[in-house]
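Okay, here's what each chain looks like letter by letter:
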Amino acid sequence: MNIQTNVVERLRNELARLKSLPASEAVSMPPEYYTSEAFLALEKDHVFRKDWVCLGHEGEVAKPGDFYTTEIVDEQLLVTRNQDGEVKVYSNVCRHRGNMVAEGRGNAGRFTCKYHGWTYTAKDGQLLGAPLMDQVPGFDKKQCSLPSFKTEIWNGFLFVNLSGDAPPLAPQLAEMEPLIRNYHIDERNFLFTTDDIWQTNWKSLCENFMEGYHLSATHAKTLHPITPTALCEKIPGNDAFTGYKAHYNPSTPERGPFHPDLTKEEQRFSGLYCIYPNLVFSVAPHFTLFLCLRPAGAGAVALRWGIAGVLTDPDDPGVHSYLKLCNEFNAEDRAKLETMQRAMKTRYFSGGRLAGDHYEGTIWDITQYIARKLGGDVNLQD
């Protein structure tokens, strides 16, 4: 057994062991969980290729013809809204020699591979034209359409399932609906998005977003005055999601504008949620902040993050103010996560006890999700 195989087996066995522990005995995982390329390969095949993964907000393709390109576990994807108003996700790989069909973002009714000029429709991915290929005996354009992937839109977020075998997503999230119903996040206006790469493992960023234990220490000047650690409250989740409430300091001013359906209590906290494996988002009274995480190696995560809100104008001062806050606490998180990734190369740390349920219970939930997918008691051949 080689070293990498041994590492993977040890991690899988540890995940299987943790399944039997109560939350009161929750512990963090050893460093290899965040540094092993071999373990990441399992995550790619048995988590990201099998489950629903979030690609972004449907507001990014608001008008017919809008498109953007992205990638999930080395699969190049083309996201577009066709002329019928349907959001489609195609393989962004030309059926000729395998180059990319489109790059970046824009608006188009058809997509042309710039290598040899093969052109495809946005409507259904069919091949429209292939220069000089009519001279090739037996060539059939109908056999050269771009593959499309199973998609689902949930409260404005766009999900794709690469395998095509995942059960519908919405029923799995039915228990979350009452928690967010009064915010009407599906009606919030898409206002901003950007892409970035942080030098940390994707699970580290997921866990960081989802725990309130670090709020007062890491974000002493940005978030502690608004949502101090001591006021965090875990939300019961299920096999598809976890979450917590970041209650506001009583001195925090009203955070508006917000939907009139919000109760007095809902006006005084932000709900932070993780839909496994890769969407983390915060629902405040006035804005939704979301991060879609994509592993870019064991020590790097690509993220598309953005905001939607009650406000309609991206240039509104209220939007700029919230983005400024987001950029400030994102920078604080990034600094801590990138130093932690370097520290995780140690041989002298094997994992430690997690803080109480209200503060790091969500990390335990995320670990249990990975354990259900990859634990040593799971037959990965199924």
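Residues numbered from 1 in each chain as written. Predicted model: local features only at pLDDT ≥ 70, side-chain atom pairs only at ≥ 80, totals over all residues. Heavy atoms only, no water.

Right, let's talk about the side chain of Gln-368 for a bit. Summarising the element assignment, Gln-368 is placed in helix H8 (residues 357-374). The exposure class assigned to Gln-368 is buried, which follows from its relative accessible area of 14%. Within polar-contact distance, the side chain of Gln-368 engages the backbone oxygen of Leu-18 at 3.1 Å. Apart from residues lying up to four places away in sequence, Gln-368 is in contact with Leu-18 and Lys-19. (Helix = DSSP H or I, 4+ residues; strand = E, 2+ residues; numbered from the N terminus. Buried < 20%, exposed > 50% of the residue type's maximum accessible area, 1.4 Å probe, protein only. Polar contact = N/O pair within 3.5 Å; in protein donor to acceptor, adjacent residues only side chain to side chain. Contact = heavy atoms within 4.5 Å.)

Counting 76 residues, the largest nonpolar core has Leu-55, Leu-289, Leu-291 and Ile-307 as its most contacted members. Setting aside anything within four residues of it in sequence, one finds Ile-307 in contact with Asn-189, Phe-190, Leu-191, Phe-192, Phe-287, Thr-288, Leu-289, Phe-290, Val-319, Tyr-322, Leu-323 and Cys-326. (Core = buried A, V, L, I, M, F, W, Y, C linked by side-chain atoms within 4.5 Å.)

Strand order in the open sheet made by the three strands is S6-S7-S8, with antiparallel pairing throughout. Strand pairing shows two members of the sheet lacking a second neighbour, strand S6 (110-112) and strand S8 (127-129), which therefore form its edges. Adjacent strand axes in the sheet meet at a mean angle of 35° when their direction is disregarded. With three bridges joining them, S6 and strand S7 (residues 119-121) adopt antiparallel strand pairing. Residue pairing in the sheet places Thr-112 in a bridge with Thr-119 of S7. (Pairing = 2+ DSSP bridges. Axes fitted to C-alpha atoms, helices over the stretch in contact; angles between N-to-C directions.)

Right, let's get into empty space enclosed by the protein. All chains considered together, the criterion is met by two cavities of 30 Å³ or more. In this structure, the largest cavity encloses a volume near 260 Å³. Surrounding the largest cavity, 21 residues form its lining, Leu-223, Leu-272, Ser-282, Leu-289 and Phe-329 being those nearest its centre. At the level of elements, helix H5 (202-209), strand S13 (241-247), strand S14 (269-275) and helix H7 (317-343) are the ones that each hand at least two residues to the lining of the largest cavity. (1 Å grid on protein atoms, 1.4 Å probe; cavity = no way out; pocket = protein on both sides within 12 Å on 5 of 7 lines; lining within 4 Å. Points joined across faces, edges and corners; volume = space filled by probe spheres on them.)

In the structure shown here, the tally under the stated rule is 13 aromatic pairs. Centre to centre, the rings of Phe-48 and Trp-202 are 4.9 Å apart; their planes meet at 80°, and the pair counts as edge-to-face. With Phe-48 in helix H3 (residues 37-48) and Trp-202 in helix H5, this pair connects stretches of sequence that are 154 residues apart. Classification of Phe-48 as buried rests on a relative accessible area of 0%. Taking relative accessible area as the criterion, Trp-202 reaches 1% and is therefore assigned buried. Consider the rings of Phe-157 and Phe-281, whose centres lie 5.3 Å apart with planes at 50°: the pair is tilted. Placement of the pair is Phe-157 in strand S10 (residues 157-161) and Phe-281 in strand S15 (residues 279-283), with a sequence separation of 124 residues. Just above the ring of Tyr-33 sits the side chain of Lys-203; from NZ or CZ to the centre is 4.5 Å. (Phe/Tyr/Trp six-rings, centres within 6.5 Å; stacked < 30°, edge-to-face > 60°. Lys NZ or Arg CZ within 6 Å of the ring centre and 35° of its normal.)

Turning our eyes to something else, we now look at unusual backbone geometry. Here the bond from Gly-256 into Pro-257 is cis, since omega is 0°, no more than 30 degrees from zero. Within the element layout of this structure, Pro-257 appears in the loop between S13 and S14. Of note, the amide linkage connecting Tyr-276 to Pro-277 takes the cis form, showing an omega dihedral of 0°. Looking at the element boundaries, Pro-277 is found in the loop between S14 and S15. Within the chain, Leu-132 stands out as a residue other than glycine whose phi angle is a positive 70°. Its place among the elements puts Leu-132 in the loop between S8 and strand S9 (150-154).

Let us now look at the sheet that holds strand S12 (residues 232-238). The sheet built from seven strands is open, its strands ordered S11-S17-S16-S15-S14-S13-S12 with antiparallel pairing. Two strands bound the open sheet, and with one partner strand each, they are strand S11 (189-198) and S12. Neighbour-to-neighbour, the strand axes of this sheet turn through a mean angle of 15°, independent of strand direction. Pairing between S11 and strand S17 (residues 301-309): nine bridges, direction antiparallel. If you follow Asn-189 over to S17, its bridge partner there is Gly-309. Its contacts with the sheet place H7 against S11, strand S16 (287-295) and S17, and it is angled at close to 20° to S11.

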